[in-house]
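Residue strings, one per chain:
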Amino acid sequence: MGDAEIIPIGTRGRPGRGTGTTPSSAARGLAPGGRPPADRSTGRPTAPRATQDGAHDGWVDEESIGGPRPVEDTAPAAPDAATADSGPEPAAPASEAPDADDAGTATSGTTTADRHPLGAVSPAELMAALTSAAKEVLGPDWEDELARLLAFVRRRLTGDYAVDEYGFDPEVTERFFLTALRPMASKWFRIEVRGIENIPTDSGALIVSNHSGTLPWDGLMTMVTVHDHTGRFVRPLGADLVFRTPLVAQLARMGGATLACSEDADRMLAGGELVGVWPEGFKGLGKPYSERYKLQRFGRGGFVSAALRTRTPIVPLSVVGAEEIYPMLSSMPTLARILGVPYFPVTPLFPWLGPLGMVPLPSKWLMEFGEPVRTDELEEGAADDPMLVFDVTDQVRESIQQTLYRLLMERRSVFGS
Amino acid sequence: MGRVVLVTGVSRDLGRRFARSLASDPEVDRVIGVDVVPPRGDVGAVSFVRVDIRNPVIAKVIAKEDVDTVVHMSVIATPGTAGGRHTMKELNVIGTMQLLAACQRARTVQRLVVKSTTTVYGASPRDPAMFTEDMQPRRAPRSGYAKDVAEIEGYVRGFARRRPDVGVLTLRCANVVGPHVASPITSYLRLPVVPTVLGYDPRMQFLHEDDLFRVLRLGAVGDERGRATGTVNVAGDGVVVLSQALRRLGRPMVPMPGFAVGRLGQVLRSAHVADFSPEQLAFLTYGRGVDTTRMREVLGFEPGFSTEDALADFGSTLSPTLDAVLAPAQAGAQQALDALGRLVPAGGTRG
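Residues numbered from 1 in each chain as written. Chains lettered and ligands numbered in written order. Predicted model: local features only at pLDDT ≥ 70, side-chain atom pairs only at ≥ 80, totals over all residues.

### Some details on the interface of chain B and chain A
No. 1: The interface of chain B with chain A comprises 27 residues on the first partner and 28 residues on the second.
No. 2: Secondary structure elements with two or more residues in the side of chain B that touches chain A: β12 (240-241), α8 (242-249) and α13 (323-350) of chain B.
No. 3: If you tally residues by element for the side of chain B that touches chain A, the top one is α13(B), at 6 residues.
No. 4: Here the side of chain B that touches chain A is built from residues that sort into 14 nonpolar, 6 polar and 7 charged. (Contact = placed C-beta atoms within 7 Å. Helix = DSSP H or I, 4+ residues; strand = E, 2+ residues; numbered from the N terminus. Nonpolar A, V, L, I, M, F, W, Y, C, P; charged D, E, K, R; others polar.)

### Let's talk about helix α4 (residues 85-105) of chain B
No. 1: Its 21 residues place the ends of α4(B) 30 Å apart at the C-alpha level, agreeing with the 30 Å of an ideal helix rising 1.5 Å per residue.
No. 2: Bending of α4(B) peaks at approximately 25 degrees at the position of Gly95(B). (Expected span 1.5 Å × (residues − 1). Bend = angle between axes of the 7 residues up to and from the residue.)

### What about the nonpolar core?
No. 1: Leu206(A), Val7(B) and Cys103(B) are the most contacted members of the largest nonpolar core, which totals 149 residues.
No. 2: Setting aside residues up to four positions removed in sequence, Val7(B) forms contacts with Gly15(B), Phe18(B), Ala19(B), Leu22(B), Val31(B), Gly33(B), Val71(B) and Met73(B). (Core = buried A, V, L, I, M, F, W, Y, C linked by C-beta atoms within 7 Å. Buried ≥ 20, exposed ≤ 12 C-beta atoms within 10 Å, placed from the backbone.)

### Section: the packing of helix α2 (residues 57-65) of chain B against α4(B)
All names here are of chain B.
No. 1: As a packed pair, α2 and α4 sit with axes 9 Å apart at the nearest point and diverge in direction by 35 degrees. By crossing handedness, the relation of α2 to α4 is classed as right-handed. In contact with Ile58, Ala59 and Ile62 of α2, α4 contributes Gln98, Leu99, Ala102, Cys103 and Arg105.
No. 2: Of the residues belonging to the contact of α2 with α4, the class tally is 6 nonpolar, 1 polar and 1 charged. (Axes fitted to C-alpha atoms, helices over the stretch in contact; angles between N-to-C directions. Left-handed = near helix turned anticlockwise from the far one by under 90°.)

### As for the sheet that holds strand β5 (residues 274-277) of chain A
Residues and elements named next belong to chain A.
No. 1: On the basis of which strands lie adjacent, the open sheet formed by 7 strands has the order β1-β7-β6-β2-β5-β3-β4 and mixed pairing. The sheet terminates laterally at β1 (192-194) and β4 (258-259), the two strands that pair on one side only.
No. 2: Alignment of strand β2 (residues 205-209) against β5, held across 4 bridges, turns out to be parallel. Each bridged residue has a counterpart across the sheet, and for Ala205 the counterpart in β5 is Leu274.
No. 3: The strands that helix α17 (residues 386-410) touches are β2, β6 (314-320) and β7 (366-369); relative to β6, the one it contacts most, it runs at about 30 degrees. (Pairing = 2+ DSSP bridges.)

### Some points on unusual backbone geometry
Residues and elements named next belong to chain A.
No. 1: Omega for the peptide link from Phe350 to Pro351 comes to 5 degrees, which places this bond in the cis form.
No. 2: One can find Pro351 in the loop between α16 (333-339) and β7.
No. 3: Of note in this structure, Thr214 is not a glycine but carries a positive phi near 65 degrees.

### Notes on the confidence of the model for chain A
No. 1: This prediction gives chain A a mean pLDDT of 79; 71% of its residues lie at or above 70.
No. 2: Segment residues 40-108 of chain A is flagged for pLDDT under 50; beyond a separation of four residues in sequence, or across chains, it makes 66 contacts in the model. (pLDDT = per-residue confidence, 0-100.)

### Quick word on the domain arrangement of chain A
No. 1: Domain annotation for chain A reports domain 1 (2-115), domain 2 (123-158) and domain 3 (170-325 + 360-410).
No. 2: For domain 2 of chain A versus domain 3 of chain A, the separation of C-alpha centres amounts to 38 Å. (Domains from an automatic or database assignment.)

### What to know about the confidence of the model for chain B
All names here are of chain B.
No. 1: Within chain B, residue pLDDT values average 87, and 93% of them lie at 70 or more.
No. 2: Segment residues 346-351: pLDDT under 50, and 12 contacts once partners within four positions in sequence are set aside and those in other chains are kept.
No. 3: Overall fold confidence for the complex sits at a pTM of 0.77, while the interface term, ipTM, reaches 0.84.

Dropping the structure here:
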C-alpha cells in the first residue's frame, strides 16, 4: 500500500509516460528490481538514481514544450489517478508486479500520445477510412483499379510506353484527354448522335465536318463522341499554326493529330486510320455569329484527293450547336495581325470576363454522320482529274449544308434539351 | 574477286571502326583509310594514307591503288572538331567536290556510298510526319550542317549523272546512337540535366551504330540487293518522343522557352559540353521522322535495333542522373506500399 501511494507522486499522478519501447517510470518502479520508490532510494546505489533523474528531466522538457495546459490537467488528474490506483493496486505491486508492468505500457490511452490530434486514431481505423474512400472513388474493385493506376504512373515515369510515328499516345489520350472531355460532351453540350453506323468499324475513312465555334471544341467533341460510340480514335488533321504553338503542338501530337498535308493524310488513310478533317479551317472557325451555319469554301479539295488516292470513303459530319458556344461579334483583324493569330474573338463574354469568358456557352449539340461517299468505284487516277475532285468536294459540302439546315429546323431551342 | 575499298573520314571513331570491320571481311582485299589527321585508335588491317581530300592528291591515291569502291564518311556535323564553321564547310563541301572529281577520273571506281543524314529534311512545324526520300525540306537549309549536306547531295547527284556506270548510293541515316558514339545528339542526351524546349515534344528516330556499319557494308560490298542505287533513308523502327527518351535514360529534363535553350546551347558550346546548332534546336523543337520503306524494299536492309532498342543500348552505358534521387524515393515508396499491403486486410476486416 505504501508503494502504491508513493509511485504516483514520482510521476505527478500519471500512471506512466512510456513510449512503448521502454517501460514507463511507474512501471519501472513497480517491476521487481526496478527503480525503487523515492523514499527508499537514499540507501541505494547511484546508478538507478541517475536514470530516474534522466526520466524526470525528459518529462520536464516535454511538459515545457506542451505548454502550461497539461500541467493544469495533471493537477486535477493526480487525485483521480491516486484514487484509481488505490483501488486495484494494493495487491498488485506486492504479488503481481509483471502484470503491473504490462498494464503500464498497455494503457496507451493516457500517455503523451493522446495529446497529438491523431493520437486517438489507430492505424487500422485510418486504413479502414482510406479503404472506404478508395471504394467510393475507384469502385468496388478498387484494389485492381489502384494497382492499374500505380502501374500507369510507373510506366509514365519510366517512359515505358509506345507512341506511333505521328507521336500519338493512345494510353494518355484514352485515360486522360477523353476522360476529361467526356463530361463536356455528355453533361455540358448534351450531344445527340445520329448515323454513327456510317463510320466503318475497322477500315480507313475520312470524316469531313463543318467547323465553327472560335475554339475547336467541335473537333474535340467529335473525337470523344466517335471513341465512345465506336471505340475508334479520330486522327485529326490540324493547321500548321497548331504545330507551331507551344504546348498546343505537344498536346495535339499526343492526342493523335498531325499536320493537314497530303502526305500525312495519304499515309494515315492508307494505314487504315479514321481521319478527321475540317476543310473550312480558320475561315469556318472564326466566322462571325451572323454567318452561323453557312459553310465556307472547302479549301482546295485536298482532302478529297487524299480519299480518292487511298480509295477510302468520305463520311460527312454535320455539327449543330458549336456555332453558339462563343458567339463572335468581332474578330479584331488589326489586333489579330499584331498577335499573329488568324482572328481575335470578341464575344459577349470575352475578353470582358477574362478567363471566365472562355467558358463555352452550354448549347445543345446535334451530330449527324451522313451516308458515306464511296470512292472505290471511281477509276484509277481519279485524284488527278481536277474536275472530278471539285465535283466530289461540292457533293460533300452540299450534303453537310443540307443536313445542317434540316437539323436546325428540328432543333427546338439553342440551349434547351 | 577481291575488292579495294577507300574509306574517307577514318580519323573519327565511326569511320575508323567501320574501316576496321571492313578490313576483316573476307570479300574485301584491301581497305584504304584516308583522313587529314591519323586515327586515334587501332585501325587493324586498314592501310592509312594521310591525305587531305580537299587536295588533288586523293586522285593519285585512287588511281594507284585501283580503288573500286569509295565510302564517303567524312561529312562532319559539328564545327567543334574541325576548328570553326569555315573549316567545317571547306572539309565537307570542297572535300566532297575533290573526292567526286577524283572518282570521275578514275575508271576503276564502280561504286560510291555516301553517308548522309536525315538532317537534310530540316525540322519545322509544316513538316509531314514521315519524310520519304522524294520529299524536299519545307524550307531549304540556309546554314550549317544541313546546308553542307544538301550541297554534298547535290554534287553526288551530279556525279551520278556524269558517271552512270558507277552505282551511287546515298544513305540518309537517322541520328546514330550507341555506347561509343560522340555526336551532337548523344552529347545532348548525356547531359546530366537536359534542357528541353517548353511546350514541344519532338519525335525522334535513332539508328544503332552496329546497324550503321551493317548498312554501310551492305551498300559497299553487299550482294545484288545491296547494289541498289539512289537515296535511301535508314533508321531504326518506331519513334520515341524526347520526354519519353529522357525518362528511359533516367535524365531529368528542364523545359525552358526555345530562345533560352538556344542561349544555353551557346554557353554549353563555348564550354565544349554540347553543341546546339540552329538546326539542332529546330530538331529539338519540332522533331522529325523518316519513312524507311525504301530501306527494306530497295536495299533489303533490316535494322537489328529498333529506335527503342538503340536508345536502351545507348542508355546502358549511361549512369542515370535520377538514380541518386530516385532510388531512396523508390525504396521508400516500396516500403510504404508493403506497409499498406500488411494493413489492408486488418483495415478491411475491421472496417
